[in-house]
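Read off the chains here:
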Amino acid sequence: MTQVEFLNIVMPFKDKVFRLAKRLLVSTEEAEDATQEVLLKLWNNKKKMQEYKNVEAFSMTMTKNFCFDKLKSKQAQNLKIVHSNYEDGNTSLQKQVELNDSVDWVSKIIEELPEQQKVIIQLRDIEEYDFDEIAKMLDMNNTAVRVNLSRARKTIREKLTNTHNYGIK
């Protein structure tokens, strides 16, 4: 496999690998490092790449496992929390501040979810994978994925509603 062939296979999902890593590791720098490590592992095993049915799903699984290993390691204490994911120049300043605040709240709420729900929210709602692909990546059945996604969305909805109501139910 040549470098060009490898890039043709990997480039379409490189950003998805980064976004999953960023969701799990929070830090942009750590996510970039994780993405680079996963791509390097793919390059080193490029001869075996033809054996995989879905290289994208395999790389997402590699990313998830690498990030979990990274979080379990001693380096996890050094991770920075930085969020600046939302920008829209067409809205008023007040509306923009409110939207940024909501995005920050949703990000914080997602970070508080159990790991499995966090990964499922990332893969389904942000990366837009279908249930079969998520089930295969996480080695779960479809029903379990749907239940975890439903619970995660419900938790996010309830906590965000409580936040917007200033804690008044």
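Just so you know, these numbers come straight off a predicted model, no measurement behind them. Sequence order as written defines the numbering, with residues in each chain counted from 1. Where local features are concerned, this predicted model is filtered to residues with pLDDT of at least 70; where side-chain atom pairs are given and counted, the filter is 80 or more; whole-chain, interface and lining totals use all residues. The side-chain figures draw on all heavy atoms in the structure; neither hydrogens nor water molecules are used.

**Student:** Break down unusual backbone geometry for me, citing the residues and quoting the values.
**Tutor:** We note that Glu128 has phi near 65°; this positive angle belongs to a residue other than glycine. Along the polypeptide, Glu128 turns up in the loop between helix 5 (115–126) and helix 6 (131–138). Residue classification places Glu128 among the exposed positions, given a relative accessible area of 66%. Not every positive phi belongs to a glycine, and Asp139 is a case in point at roughly 55°. Helix and strand definitions follow DSSP, with helices as H or I runs of at least four residues and strands as E runs of at least two, each counted in order from the N terminus. Residue burial is assigned from relative accessible area. The probe radius is 1.4 Å, only protein chains are included, and a residue is buried under 20% of its type maximum, exposed over 50%, and partly exposed in between.

**Student:** So what's going on with the confidence of the model for the protein? Which residues, and what values?
**Tutor:** A residue's pLDDT is the predictor's confidence in that residue, given on a scale from 0 to 100. Mean pLDDT for the protein: 83, with 88% of residues reaching 70 or above. Of all the helices and strands in the protein, helix 4 (residues 93–112) carries the lowest mean pLDDT, 83, while helix 6 carries the highest, 91. Across residues 80–86, where pLDDT falls below 50, the model places 14 contacts with residues more than four positions away in sequence or in other chains. Here, two residues are considered to be in contact whenever any of their heavy atoms come within 4.5 Å of each other.

**Student:** Got a sec to walk through the packing of aromatic side chains? Specific residues and values, please.
**Tutor:** Stacked, tilted and edge-to-face are the three classes applied to pairs of Phe, Tyr and Trp rings, where Trp contributes its six-membered ring and a pair requires centres within 6.5 Å; stacked means planes under 30 degrees apart, edge-to-face means over 60, and tilted covers the rest. Scanning the model with the defined rule gives 2 aromatic pairs in all. The interplanar angle of 80° and the centroid separation of 5.0 Å between the aromatic rings of Phe6 and Trp43 together place this pair among those described as edge-to-face. Here Trp43 lies in helix 2 (residues 28–44) and Phe6 lies in helix 1 (residues 3–25), a separation of 37 residues in the sequence. For Phe6, a relative accessible area of 6% translates into the label buried. Taking 4.0 Å as the distance between ring centres and 15° as the angle between the ring planes, the aromatic pair formed by Tyr52 and Phe58 counts as stacked. Cation placement over rings: the criterion is NZ of Lys or CZ of Arg within 6 Å of the ring centroid and within 35° of the ring normal. For the cation-ring pair, Lys108 lies above Trp105, with the distance from its terminal atom to the ring centre recorded as 5.2 Å. In this structure, Arg146 packs its charged tip against the face of Phe131, placed 3.9 Å from the ring centre.

**Student:** If you had to explain the nonpolar core to someone new, which residues and values would you point to?
**Tutor:** Residues enter a nonpolar core if they are buried and are Ala, Val, Leu, Ile, Met, Phe, Trp, Tyr or Cys, with the set joined through side-chain atoms within 4.5 Å. In terms of nonpolar packing, the biggest core is built from 39 residues, with Leu42 and Leu123 touching the most fellow members. Elements supplying a minimum of two residues to this core: helix 1, helix 2, helix 3 (55–72), helix 4, helix 5, helix 6 and helix 7 (142–164). The dominant element in this core, judged by the number of residues it contributes, is helix 1, at 8 residues. An automatic or database domain assignment provides the domain bounds reported here. Shared between two domains, this core takes at least three residues from each, and those domains are domain 1 (1–82) and domain 2 (92–169). In this view, Leu42 contacts Phe6, Val10, Phe13, Met49, Phe58, Ser59 and Met62; residues no more than four positions away in its chain are not counted.

**Student:** Pulling in residues and values, what's your account of the pattern of salt bridges?
**Tutor:** Should a side-chain nitrogen of Lys or Arg be within 4 Å of a carboxyl oxygen of Asp or Glu, the pair is scored as a salt bridge. By the definition in use, this model includes 8 salt bridges. The salt bridge involving Lys118 is made with Glu111; its shortest N-O contact spans 3.6 Å. Owing to a relative accessible area of 5%, Lys118 belongs among the buried residues under this scheme. A relative accessible area of 21% means that Glu111 is categorised as partly exposed. With a closest N to O distance of 2.4 Å, Arg153 and Asp125 form a salt bridge. Pair noted here: Arg153 is in helix 7 and Asp125 is in helix 5, with a separation of 28 residues, a long-range link. Of the residues examined, Arg153 reaches a relative accessible area of 35% and is grouped as partly exposed. Owing to a relative accessible area of 35%, Asp125 belongs among the partly exposed residues under this scheme. When salt bridges with common partners are traced through the structure, they connect Arg23, Glu111, Glu115 and Lys118 into a single cluster.

**Student:** Could you give an account of a negative patch on the surface, naming the residues involved and the relevant values?
**Tutor:** What goes into a patch is any residue over 30% in relative accessible area without a salt bridge, connected to like charges within 9 Å or, for nonpolar side chains (Val, Leu, Ile, Met, Phe, Trp, Tyr), within 5 Å. For accessible areas, the Shrake-Rupley method is used with a probe of radius 1.4 Å. Any residue's cover is judged against the shown protein chains and nothing else. Two residue types count as positive, namely Lys and Arg, and two as negative, namely Asp and Glu; His and chain ends fall outside the count. The location of each charge is read from NZ of Lys, CZ of Arg, CG of Asp or CD of Glu. Together, Glu29, Glu32, Asp33 and Glu37 give the surface a local cluster of negative charge. As for its position among the elements, Asp33 is in helix 2. Residue classification places Asp33 among the partly exposed positions, given a relative accessible area of 39%.

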